[in-house]
Amino acid sequence: MTRDAVWSSPAAIDVENRLFRVLAVLRVVVLVNAVALNLYRADNFSHPAALAACIGAMAAWTGVAIWGYAVPRRRTLLLLAADLAVTAALLLATPLVKGPDFNTSVPGFWTMGALLAWAVHYRWAGGLLAGVVLATVDLVVRDDISQTVYGNAFLLMIGGPIVGFMSASVQRMATERDLAERSAAIAAERARLARVVHDGVLQVLALVQRRGRELGGEVTELGRLAGEQERELRSLIREEAAVVSPGHDQALDLVAELGKLERSESVTVAAPATPVEMPATTVGELVRVVRACLDNVAMHVGHDEPAWVLLEAFPDRLELTVRDEGPGIPPGRLEEASTHGRLGVALSIRGRIADLGGSAKLATGSFGTEWEFVVPRRGREVSA
Amino acid sequence: MSGAQSAEAIRVMVVDDHPMWRDAVERDLANAGFEVVAVAANGSEALARFPAVRPQVVVLDLQIPAPGGVEVTAEIVRQDSSARVLILSASGEHADVLGAVKAGAVGYLVKSASREELVDAIRRVARGDTVFTAGLAGLVLGEFRRMSEAPSSPRSAEPQLTDRETEVLRMVAKGMTYKQIAQRLVVSHRTVQNHVQNTLGKLQMHNRVQLARYAIEHGLDEE
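Owing to the predicted nature of the structure, the values given are computational and were not obtained by experimental measurement. (Residues numbered from 1 in each chain as written. Chains lettered and ligands numbered in written order. Predicted model: local features only at pLDDT ≥ 70, side-chain atom pairs only at ≥ 80, totals over all residues.)

When helices and strands are tallied, chain A shows twelve helices and seven strands. Evaluated residue by residue, chain A yields a buried proportion of 35% over its 384 residues. (Helix = DSSP H or I, 4+ residues; strand = E, 2+ residues; numbered from the N terminus. Buried ≥ 20, exposed ≤ 12 C-beta atoms within 10 Å, placed from the backbone.)

Dropping the structure here:
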């Protein structure tokens with residue numbers, strides 16, 4: 001998004017409108033304040049008629065400014081320049097009205113109306129420009145510069161840019177929030193549409209798979225391919241559906257990740273319906289462990305032999321089971337692997353689980369092979 | 001109902017919004033000797049036709065035009081507690097499957113299941129058995145764990161599985177057949193089936209109690 005687009009976005013204009021509404025109230029307050037002060041010190045003035053004219057001009061301009069700034073399209077350079085010029089003119093008129101030796105200018109705090117209008121509309125640069133102009137005029141009209149006068153000028157100079165900067169920040173934030181809200185709504189709608197489309201595709205893939213198996217021959221291969229695609233798409237959907245809570249950008253849903261290992265012909269994954277969030281590195285390790293177990297099944301039992309993965313989530317720990325119905329691991333094979341200097345799959349599986357602070361249990365025999373892993377859930381104990 | 005227990009007489013309604021699937025399932029079931037008494041393409045058709053044809057088994061797709069599979073399941077079971085709802089789902093979205101089972105469905109199959117599996121599942125649910133896949137057992141286990149952790153309500157109000165039921169359910173979730181479980185635990189096949197059925201019963205009972213409590217708390221019971 002370009003700079004100009006930020007300031008002309010509906011959200012930014014909305015912010016500006018709100019600021020100008022507040023400014024309108026402020027203008028009335030400072031006008032009342034200026035009028036009251038001037039009337040209170042009316043005896044200081046050398047030219048009461050001129051004072052009355054000045055007050056009249058201030059009141060009139062306040063009305064014009066409130067009307068002018070109320071609508072975005074009237075906030076032109078002309079209006080802002082006129083605003084600044086009227087304010088400067090009133091400052092310049094002060095020595096003529098009050099005599100050369102005065103303390104407070106006729107407009108006084110009323111000058112902030114023009115300053116803030118510039119800051120709101122032209123941001124920090126506008127605030128700075130208006131501040132410089134007003135401070136210069138204020139200093140020029142005075143014979144001697146007291147500390148108070150210098151202080152006021154200094155405040156004008158820094159107040160303008162600060163308000164301008166903040167106005168810009170709020171406008172930018174509003175624009176960004178608007179954009180974020182819109183893209184969230186688009187994403188939600190896209191997800192809804194995708195679910196509908198995906199479901200249709202899944203139906204067809206499942207049907208092709210089923211018919212392929214029944215018809216046999218070449219079509220079986222077609223059915224197998226459809227089955228593979230069905231699994232891919234299903235795990236993709238599950239991944240999309242898993243909502244990872246904000247603030248945990250390094251958390252992953254173990255249920256979704258394990259779901260990707262599912263093979264409709266061989267591997268079944270059973271897990272809770274709700275996401276099980278764990279740090280991404282832990283999830284990665286656990287998935288690698290399960291994959292290693294499944295690879296073992298494919299290698300030693302058979303490529304399309306069934307295997308089951310079960311994930312159970314407890315408040316303090318996870319239990320993960322991988323089971324097959326193969327002939328089991330022959331006694332001594334694991335030891336043999338390690339004495340031959342090979343790390344061995346079993347050892348690397350145990351190592352990974354131990355690194356996660358968990359324990360691994362292996363049951364093997366004629367009934368098959370069953371790995372059971374227990375891994376602690378760190379950080380959960382605190383909240384439980 | 002004489003003779004209704006034989007396969008030929010099992011009356012089935014098929015609810016699926018994909019005509020292709022509906023036809024395929026209908027044909028398969030007819031070939032297997034079932035009587036397909038009605039088909040429906042969406043939830044409202046299903047609920048309109050159900051009271052008229054009173055099928056023993058409803059084969060229901062979860063992703064159908066509103067009312068969805070979960071609501072349809074709840075309404076069918078409310079109207080006729082002897083009707084068996086078998087969920088046949090393509091996308092297998094966990095929350096939906098669990099929702100349907102809590103609402104009263106007694107079985108769940110993914111659509112890629114073979115024709116033999118489907119026919120067998122319908123026979124079993126018609127007999128009063130439950131058809132659990134390993135995946136569904138994992139979901140139900142997770143749900144009981146979640147309920148026992150929930151801090152909101154007193155522990156005693158939550159249904160709990162006995163140790164045996166948990167053990168059996170875990171074995172189902174690990175892909176063991178009822179026969180294998182029976183052998184492992186040295187009990188009868190029927191006992192295993194009963195344990196599995198009990199877990200589902202507790203879940204559905206809990207769901208009904210929750211709904212009733214919600215209704216009372218919100219004054220929905222006063223018509």
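Having seen the structure, we can now continue with the description.
Along chain B, the regular secondary structure elements total nine helices and five strands. Going from the N terminus to the C terminus, chain B shows its helices and strands as β-α-β-α-β-α-β-α-β-α-α-α-α-α. Each of the 223 residues in chain B was classed as buried or not, and the buried ones make up 44%. In chain B, the share of contacts with a sequence separation of at least 24, taken over all contacts with a separation of at least 6, comes to 64%. (Contact = placed C-beta atoms within 7 Å.)

Moving on to the interface of chain A and chain B. With 31 residues of chain A in contact, the opposing surface of chain B contributes 31 residues. For the side of chain A that touches chain B, the secondary-structure elements that each account for two or more residues are α6 (147-215), α7 (218-241), β2 (267-270), β4 (307-313) and β5 (317-324) of chain A. For the side of chain A that touches chain B, the element with the most residues is α6(A), which contributes ten residues. Its residues assigned to classes, the side of chain A that touches chain B shows 15 nonpolar, eight polar and eight charged. (Nonpolar A, V, L, I, M, F, W, Y, C, P; charged D, E, K, R; others polar.)

Before going further, it helps to examine the nonpolar core. With 105 residues, the main nonpolar core has L311(A), V59(B), L86(B) and I122(B) as its most contacted residues. Ranked by residue count, the leading element in this core is helix α6 (residues 134-149) of chain B, at seven residues. Those residues in contact with L86(B) that sit more than four places away from it in its chain are V57(B), V58(B), V59(B), L60(B), A105(B), G107(B), L109(B), A121(B), I122(B), V125(B) and V131(B). Formed by 40 residues, the second largest nonpolar core is a distinct cluster that contains F20(A), L90(A), V106(A) and M112(A). (Core = buried A, V, L, I, M, F, W, Y, C linked by C-beta atoms within 7 Å.)

Residues and elements named next belong to chain B. Counted residue by residue, strand β4 (residues 84-89) has six buried out of six residues, so it is predominantly covered. Of the two faces of β4, the one carrying R84, L86 and L88 and the one carrying V85, I87 and S89 are both buried. Bridge analysis of strand β3 (residues 57-60) against β4 gives four bridges, and the strand direction is parallel. For V57, the partnering residue across the bridge sits in β4 and is R84. Crossover connection from β3 via helix α3 (residues 69-79) to parallel β4: handedness right-handed. Of the strand pairs in this sheet, β4 and strand β5 (residues 107-110) are connected by four bridges, and their pairing is parallel. (Pairing = 2+ DSSP bridges. Right-handed = clockwise from strand over helix to strand, strands pointing away.)

All right, on to the sheet that holds strand β2 (residues 35-40) of chain B then. All names here are of chain B. Spatially, the five strands line up as an open sheet ordered β2-β1-β3-β4-β5, and their pairing is parallel. A single partner strand is all that each edge strand has here, and the edge strands are β2 and β5. Taking each pair of neighbouring strands and ignoring which way they run, the sheet shows an average axis angle of 20°. (Axes fitted to C-alpha atoms, helices over the stretch in contact; angles between N-to-C directions.)

Residue and element names in this part refer to chain A. Mapped onto the fold, A93 is located in helix α4 (residues 77-98). We classify A93 as buried; it has 20 C-beta atoms within 10 Å. Once the C-alpha coordinates of A93 and V141 are considered, the two residues, 48 residues apart in sequence, prove to be 8.6 Å apart. Filtering out sequence-adjacent residues up to four positions away, A93 remains in contact with C54 and V106.

Okay, the confidence of the model for chain B next. Residues and elements named next belong to chain B. Per-residue pLDDT for chain B has a mean of 85; in total, 90% of the residues score no lower than 70. Summarising per-element confidence for chain B, the mean pLDDT is lowest in helix α9 (residues 189-217) (84) and highest in strand β1 (residues 11-15) (95). Confidence drops under pLDDT 50 across residues 1-7; counting only partners more than four residues distant or on other chains, this segment forms four contacts. Among the prediction metrics, the complex's ipTM stands at 0.84, with pTM recorded as 0.63. (pLDDT = per-residue confidence, 0-100.)

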